[in-house]
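# Residue-level structure breakdown
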Amino acid sequence: MLTGAAFTKAVRELDDRVVRVPGPGRTALFDLAGATVPDEDTPAPARLLPMWDSTLLAHAVPGRLMPPEYRPLVVRRNGDVLPCLLVDGQVAGVWRAAAGGGVEMTAFRRLGKAAWQGLTGEAERLSALLADRDPAVYGRYGHWWDKGFPGAERTVVAG
């Protein structure tokens, strides 16, 4: 929770590396100078967000990224936020590292072929990073998967 003064100072120190862009209403947004801004109707690519991802923790509008019915499945009672599948800019499920550098993905609803293709591509790229890592590091979170997720589709991408 930064104060307005701290934020203003940080943006001022970035000087010409950021530019102000119009946001909803009178909200000021900032972006990298020279960065391209996609059209409003551009589809968001599928993504795998890590555990405790700041995108989910810091978002000011509840439900914008995570449908309220998925919150109890993703944000545990102790405050842990599970690694998430993002489809069309919305949380659609969770993922975890599997043996051999693989990635196990669990969707909370039926996803279309294009969504699974995008998630699989992300999982394959992540597998290269996970290949030399011990999947047991997050083993203590396995009980959430053991309990299952209602109405879920599951797939494993081999490492």
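Residues numbered from 1 in each chain as written. Predicted model: local features only at pLDDT ≥ 70, side-chain atom pairs only at ≥ 80, totals over all residues. Heavy atoms only, no water.

This part is about the overall build of the protein chain. What the protein chain contains, in helices and strands, is five helices and seven strands. Carbon together with sulfur atoms contributes 55% to the accessible area of the protein chain, which is approximately 10,600 Å² in total. Across the protein chain, 19 positive and 18 negative side-chain charges occur, with their mean positions spaced 6 Å apart. (Helix = DSSP H or I, 4+ residues; strand = E, 2+ residues; numbered from the N terminus. Areas by Shrake-Rupley, 256 points an atom, 1.4 Å probe, with all protein chains shown as cover. Lys, Arg positive; Asp, Glu negative; His and termini not counted. Charge placed at Lys NZ, Arg CZ, Asp CG, Glu CD.)

Moving on, we come to the packing of aromatic side chains. A complete count under the given rule lists three aromatic pairs for this structure. With a centroid separation of 5.4 Å and 50° between ring planes, the pair formed by phenylalanine 108 and phenylalanine 149 is classed as tilted. On the criterion of sequence distance, the pair formed by phenylalanine 108 in the loop between β6 (103-107) and α4 (113-130) and phenylalanine 149 in the loop between α5 (142-146) and β7 (153-157) is long-range, its members being 41 residues apart. The structure contains a cluster of three or more aromatic residues connected by ring pairs, namely Tyr70, Phe108 and Phe149. (Phe/Tyr/Trp six-rings, centres within 6.5 Å; stacked < 30°, edge-to-face > 60°.)

Okay, a nonpolar patch on the surface next. Taken together, the side chains of Leu2, Phe7 and Phe30 make up a nonpolar region of the molecular surface, amounting to roughly 320 Å² of accessible area. Among the secondary structure elements, phenylalanine 7 is positioned in helix α1 (residues 4-14). On the accessibility criterion, phenylalanine 7 (39% relative accessible area) is partly exposed. (Patch = residues over 30% accessible without salt bridge, like charges linked within 9 Å, V, L, I, M, F, W, Y side chains within 5 Å. Salt bridge = Lys/Arg side-chain N within 4 Å of Asp/Glu carboxyl O. Buried < 20%, exposed > 50% of the residue type's maximum accessible area, 1.4 Å probe, protein only.)

It is worth spelling out the pairing of strand β2 (residues 28-32) at this point. Both strand β1 (residues 18-22) and β2 contribute to a ladder of five bridges, which runs antiparallel. Paired with valine 19 across the bridge in β2 is aspartate 31. Here β1 folds back onto β2, and the loop between the two strands holds five residues, one of which, glycine 25, carries a positive phi near 65°. (Pairing = 2+ DSSP bridges.)

The analysis is restricted to geometry; functional conclusions fall outside its scope.
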